[in-house]
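Chain residues, written in single-letter form:
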Amino acid sequence: MNSTKYALVTGASRGIGRAIAIKLASQGYSVIINYASNSEAAQQTLNDIVAAGGQAELLPFDVSSSESVASALDSWRAAHEGEHISVVVNNAGIRKDNLMMWMPEAEWRSVLSTSLDGFFNVTQPLLKDMLVHKWGRIVNVASLSGIKGMPGQANYSAAKGGLIAATKALAQEVAKKRVTVNAVAPGFIKSDMTADLNEAELKKLVPAGRFGEAEEVAELVAFLVSDAAAYITGEVISINGGIYT
Ligand code: NAI
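Residues numbered from 1 in each chain as written. Predicted model: local features only at pLDDT ≥ 70, side-chain atom pairs only at ≥ 80, totals over all residues. Heavy atoms only, no water.

Draft legend 1. Representation of the overall build of the protein within the structure. For the protein, the count of helices and strands is eight helices and seven strands. Relative to the compact-globule value of 18 Å for 245 residues, the protein shows a C-alpha radius of gyration of 17 Å, a close match. Dimensions of the protein, computed from C-alpha atoms along their principal axes, come out at roughly 50 × 35 × 35 Å. Going through the 245 residues of the protein one by one, you find that 47% of them count as buried. Taking the contacts inside the protein whose residues are at least 6 apart along the sequence as the reference set, 71% of them involve residues at least 24 apart. (Helix = DSSP H or I, 4+ residues; strand = E, 2+ residues; numbered from the N terminus. Rg over C-alpha atoms; globule rule 2.2 N^0.38 Å. Buried < 20%, exposed > 50% of the residue type's maximum accessible area, 1.4 Å probe, protein only. Contact = heavy atoms within 4.5 Å.)

Spelled out as structure tokens, the structure:
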């Protein structure tokens, strides 16, 4: 790459987001590591990128708050005159599993506002620059739950299903300007989010016989971000070890 290309990865202090940040930095992107509260882990991700010869910076904000996102992006722009963010990976997400029968409204709203409102809050302010510069990549981290629907996850399935539908809609709006919008839909991936699951039992449901690694998701995201993937847009790519959806 000739000029610096900036890639923003939300929820990049740990897990899948961290692996994506590290991978994109290794491909020459200057990575903007977003995190909500875990500054130590975010700093560790940054240190690892820099130690490997890459470029990164931290940008804390809460994706579910449009004010928090707007003020962080404004301060980023003020510090980077004439530059813009051309890649965004909407990875931040939370799980608050419960049978709907027992689900308080707060569990419904917080999951929706992180994955779905978060996608809007972060992506909308970045679109104009991508359209003006006629190049952009938007990758949304959805889930198997958003395709299939999972019992105990009405909130999470709705958030990820909505994210998938928004991916398809936005892809058609911006395709002519060489901006692609895709979703990845992981199955079971080893991370803090799945640490409470019974891996020994659940891996029996996976034809590949194991949980996936965050780095495997990062490889897929890196491909979707690359120039080689210019003709792929509006797609949802499952990465789940063969679980049929
Ligand atoms: P994780 O819990 O380790 O990572 C989630 C990240 O999002 C954390 O860094 C967290 O701090 C951040 N985050 C949460 N709320 C935020 C907010 N309001 N603002 C900014 N950052 C926020 O879990 P994991 O597995 O790495 O998850 C990453 C994405 O992958 C999530 O969207 C998740 O739904 C999705 N996913 C994960 C699967 C898995 O099996 N681990 C399967 C399918 C999807």
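Here the narrative resumes.
Draft legend 2. Summary view of the packing of helix H3 (residues 66–79) against helix H4 (residues 105–132). Where H3 meets H4, the axes come as close as 8 Å, and the angle between the chain directions of the two elements is 35 degrees. The interaxial crossing formed by H3 with H4 has right-handed handedness. Of the residues in H4, those touching H3 at Ser-66, Val-69, Leu-73 and Arg-77 are Asn-121, Val-122, Pro-125, Leu-126 and Asp-129. Residues belonging to the contact of H3 with H4 are distributed by class as follows: five nonpolar, two polar and two charged. (Axes fitted to C-alpha atoms, helices over the stretch in contact; angles between N-to-C directions. Left-handed = near helix turned anticlockwise from the far one by under 90°. Nonpolar A, V, L, I, M, F, W, Y, C, P; charged D, E, K, R; others polar.)

Draft legend 3. Spatial organisation of the site of the ligand. Looking at the ligand, there are 28 residues lining it, with Arg-14, Asn-91, Tyr-156, Ile-189 and Ser-191 nearest. Asp-62 is positioned with one of its side-chain polar atoms (N or O) 2.8 Å from a nitrogen atom of the ligand. One of the side-chain nitrogen or oxygen atoms of Ser-191 is found 2.5 Å away from an oxygen atom of the ligand. Relative to its free-state accessible area of 810 Å², the ligand is covered by the protein chains to the extent of 93%. (Near = heavy atom within 4 Å. Polar contact = N/O pair within 3.5 Å; in protein donor to acceptor, adjacent residues only side chain to side chain. Areas by Shrake-Rupley, 256 points an atom, 1.4 Å probe, with all protein chains shown as cover.)

Draft legend 4. Spatial organisation of the packing of aromatic side chains. Throughout the structure, instances matching the rule amount to two aromatic pairs. Here the aromatic rings of Tyr-6 and Trp-76 are separated by 5.0 Å at their centres, their planes lie at 80 degrees, and the arrangement is edge-to-face. Here Tyr-6, found in strand S1 (residues 6–9), pairs with Trp-76, found in helix H3; they are 70 residues apart in sequence, far enough to count as distant. Side by side, Tyr-6 and Trp-76 carry an identical accessibility label, which is buried. With centroids separated by 5.1 Å and ring planes inclined at 10 degrees, the aromatic side chains of Phe-188 and Phe-211 adopt a geometry described as stacked. Note that Phe-188 is positioned in the loop between strand S6 (179–186) and helix H7 (199–202) and Phe-211 in the loop between H7 and helix H8 (214–225), a separation of 23 residues in sequence. Given the relative accessible area of 2%, Phe-211 is considered buried. The lysine or arginine in question, Lys-5, covers the ring of Trp-135, its NZ or CZ lying 3.4 Å from the ring centre. (Phe/Tyr/Trp six-rings, centres within 6.5 Å; stacked < 30°, edge-to-face > 60°. Lys NZ or Arg CZ within 6 Å of the ring centre and 35° of its normal.)

Draft legend 5. Spotlight on the pattern of salt bridges. Overall, the coordinates contain 10 salt bridges when judged by the stated rule. The salt bridge involving Arg-109 is made with Glu-105; its shortest N-O contact spans 2.7 Å. With Arg-109 and Glu-105 both in helix H4, this residue pair falls four residues apart, about one helical turn. Residue classification places Glu-105 among the exposed residues on the basis of a relative accessible area of 51%. The residue Lys-204 makes a salt bridge to Glu-201 at a minimum N-O spacing of 2.8 Å. Residue classification places Lys-204 among the exposed residues on the basis of a relative accessible area of 60%. Looking at Glu-201, the relative accessible area reads 44%, which means it is partly exposed. Three or more residues are tied together by salt bridges with common partners; here these are Arg-95, Asp-97 and Asp-196. (Salt bridge = Lys/Arg side-chain N within 4 Å of Asp/Glu carboxyl O.)

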